[in-house]
Amino acid sequence: MRAVDFLDQLNGEFFNGALAPLVLERLRELPVERDDVRGFVERAFRLMHQAGLPATDVSPLHGELLGSLIARLLPGTWGGRIPPITVAGRHRLFDVLVARLCGEHGRMLDIACGFPPVTSVDSATALPGWDILGADRALPEFLLEDGLGNYASFDAGEQVQYFQPTLPTRENWAALLGDYDGSQRRLEALFRHLHGGGTAPAGASLVRHPVTQYERDNLHFVRADLDALSTAPATVIRCFNMLMYFDAEFRARAMQHFADLLQDGGLLLYGVDWAHSMECRYMTMRKRDGRLGSGEFAFSLDNLMPVGIAPWYTLQPDEPEAFRLAALSRVLRDDTAFIREYTERADAMRREYGVCVRQSDGYLSDVSPDLPPADLWRLSADFSTRLDAALAPRAVAVLTAAGYAARINEVGHVAVRV
Ligand SMILES: C[S@@+](CC[C@H](N)C(=O)[O-])C[C@H]1O[C@@H](n2cnc3c(N)ncnc32)[C@H](O)[C@@H]1O
C-alpha cells in the first residue's frame, strides 16, 4: 500500500477528507510497509475521532510527529524491545502528587524507570524523605558513547539494545537512523573495539553498569522484569509509559504484581504523559485489604486539543485509559459553551507562545522550525498548566452534569471516579 492511499483512507474515514494538505504532506514520510506503524497511526486517528477532534485541530506538527517520530520509537524498530526513553522533568507533577497524597516519607517503586533514569533522579531530589527504587528490565549492562553525540546501550550478552542521539533533535535522529543498519554496525564495532581494550576515539567511552552513576542515598536501581520483581512492600508504585504497550492479559498480571508489591494502604499510580507531565492520563488506586480497589482516572485538559500526540499514544486497540480519555474529551467537546471557551483560551495561548497558532482559515499552523524541541515542550507544558488552572472547574461541572463523579485533584487535574 502507498502512503498516499493509506492516508486518503484515514482522512476519509475519520475526518471526512478535511485534513489540511500540509498535515497530509508531513504524514507522507510514513513507512506504511510496516504493520506496526500503520496500526499505530490508524489507532491514533480512531482515538481522535472518538474524542471528537475536528480536522482543524490537527496540526502539521501532529503530522510530523506521527509521520516520522513514531516509526523511530515503536518497538518494531528495536527488535521488539520497548525503548527505555524518558526525559528529565517528565513526572514533576507526579512527585508533587505523591507528596500530597502520601506525605514526606515512604518507599517508592518506580517500575519501568527507563534509562538514563532521569525521572527517578528527579523524584529522589523532589522527595528527599523517600527511598526510591527504580526497576527496569532493560537497564543496560554497558553504555557506549560514540564521541559523535550518540549513545548506545548493550545487554549482558553484549548485544546492542538501543541507541539514540544524546541531543534528540530531528536532524540528529535523521543522521543516526537514516542508515539504521549502518549505525548499528558502527556502534557494535566501536563496542567490540573498546570492550577489547582498544584506545577510545576522542569523546568515546564504554561504561559497565552505568546506572550506578545515578544512585545516591535514597535512590537505587534493579534490573528486573515486573514478572520477577520482588522487594520490600512499597508505599507508592509509579509505572508510567509502560502499560500502554501491553495487552489486557499482561495488564491483568501486572495489576496482580502491583498489588503484591504494595503495602496495605499503598498507592498505585500509572499512566501516560509527555514532557513536563503535560498531556497526561493516569489512574490512582489504593491497596485495601490485600487488593487494589476502584480508583480515579485523571487527565490534563491539554489532551482535548494537544500540541503533541500523547493522547493517542498507545500500542493497544483496547487501552482503557486511552478510551476513557477519548470518551471524557468527547463529553467536554460536545458541550458547546465549554468548548467555545476552551478554544478561545487555547488559541490565545497558542498565539502568545507562537506554537501551532490558529490561522484565518480555521486550521492550526506549524511550529517555527527555529523553535528547539526542548523549548516547544516547555512552552506547551506552561500552556497546559494554565489551561488546567483556568478551565478545570468548568470541566468538572460539565462532567458532573453528565453523571460522572468528577473533581479537581491534588495537582489541578480533572479526575473522575471509575
Ligand atoms: C518508554 S519507557 C518509560 C520510562 C519512564 N517510566 C518514563 O515514563 O519516562 C518504557 C520502559 O518500560 C520498560 N519495560 C517494559 N516492559 C517491562 C517489564 N515487563 N518489566 C520491567 N520494565 C519493563 C522498558 O524497558 C522501558 O525502559
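The rules behind each value
- Every residue gets a number counted from 1 within its own chain, in the order that chain's sequence is written.
- In keeping with the model being predicted, local features are shown solely for residues with a pLDDT of at least 70 and side-chain atom pairs are shown and tallied solely at 80 or more, while totals for entire chains, interfaces and linings include all residues.
- The basis for every side-chain value is the complete set of heavy atoms in the structure, and neither hydrogens nor water enter the calculation.
- Secondary structure is summarised from DSSP: a helix means a run of H or I of at least four residues, a strand means a run of E of at least two, and numbering begins at the N terminus for each.
- For every residue, the accessible area (1.4 Å probe, protein chains only) is compared with the maximum for its type, and the residue is labelled buried under 20%, exposed over 50%, or partly exposed between those bounds.
- Any pair of residues with heavy atoms lying within 4.5 Å of one another is described as a contacting pair.
- Values of accessible area rely on a 1.4 Å probe in the Shrake-Rupley scheme; residue burial ignores everything except the protein chains shown.
- By convention in this text, a residue qualifies as near a molecule or strand provided that one of its non-hydrogen atoms is within 4 Å of it.
- Here a polar contact is recorded for every N or O atom pair within 3.5 Å, except that within protein the pair must consist of a potential hydrogen donor and a potential acceptor, and residues adjacent in sequence are included only if both atoms are side-chain atoms.
- Residue polarity is assigned by list, with Asp, Glu, Lys and Arg as charged and Ala, Val, Leu, Ile, Met, Phe, Trp, Tyr, Cys and Pro as nonpolar; anything else, Gly included, falls into the polar class.
- By convention in these notes, a salt bridge is any Lys or Arg side-chain nitrogen within 4 Å of a carboxyl oxygen on Asp or Glu.
- Domain start and end points were adopted from an automatic or database domain assignment.
- Buried area adds together the accessible area that both of two parts lose upon being put together, with accessible area traced by a 1.4 Å probe.

Undergrad: How would you sum up the overall build of the chain? Please name residues and give values.
TA: What the chain contains, in helices and strands, is 12 helices and 13 strands. With respect to the three principal axes, the spread of C-alpha positions in the chain is 65 × 55 × 40 Å. Residues classed as buried in the chain amount to 55% of the 418 residues present. Long-range pairs, those at least 24 residues apart, make up 71% of the contacts in the chain between residues at least 6 apart in sequence. As displayed, the chain offers around 17100 Å² of accessible surface, 52% of which is attributable to carbon and sulfur atoms.

Undergrad: A description of the site of the ligand should follow, citing residues and the corresponding values.
TA: Close to the ligand lie 21 residues; Thr 86, Arg 90, Ala 112, Asp 136 and Asn 241 are nearest. Here His 91 contributes a side-chain N or O atom positioned 2.9 Å from an oxygen atom of the ligand. Asp 225 places a polar side-chain atom, nitrogen or oxygen, 3.3 Å from a nitrogen atom of the ligand. Taken by itself the ligand offers 600 Å² of open surface, and the protein chains cover 98% of this. Of the residues that constitute the shell around the ligand, the class distribution is 13 nonpolar, 4 polar and 4 charged.

Undergrad: Which residues make up the pattern of salt bridges, and what values do they have?
TA: Tallying each qualifying case throughout the model produces 27 salt bridges. Linking Asp 95 and Arg 238 is a salt bridge whose minimum nitrogen-to-oxygen distance equals 3.2 Å. Note that Asp 95 is positioned in helix α5 (residues 92-102) and Arg 238 in strand β8 (residues 234-240), a separation of 143 residues in sequence. Accessibility assignment for this pair places Asp 95 and Arg 238 in one class, buried. In this structure, Glu 141 and Arg 208 form a salt bridge, with 2.9 Å as the shortest nitrogen-oxygen distance. With a gap of 67 residues between them, Glu 141 in the loop between β2 (130-136) and β3 (142-146) and Arg 208 in strand β6 (residues 204-208) connect regions that are remote in the sequence. Sharing partners across several salt bridges, the network here consists of Asp 57, Arg 333, Asp 347 and Arg 358.

Undergrad: So what's going on with the domain arrangement of the chain? Which residues, and what values?
TA: Assigned domains of the chain: these are domain 1 (3-78 + 302-417), domain 2 (92-136 + 220-271) and domain 3 (142-208). Each of domain 1 and domain 3 has a C-alpha centre, and these two points are 34 Å apart. Taken together, the contact between domain 1 and domain 3 spans 4 residues of the former and 7 residues of the latter. Both sides together, the interface formed by domain 1 and domain 3 hides about 750 Å², and carbon and sulfur atoms give 66% of it. Ranking the residues of domain 1 by area buried against domain 3 places Glu 64, Arg 72 and Trp 78 at the top, with a combined share of 70%. In this structure, the connection of domain 1 to domain 3 is made through 0 salt bridges. Run the count over domain 1 and domain 3 and you get 1 residue pair in polar contact (both at pLDDT 80 or more). Counted by class, the side of domain 1 that touches domain 3 contains 1 nonpolar, 1 polar and 2 charged residues.

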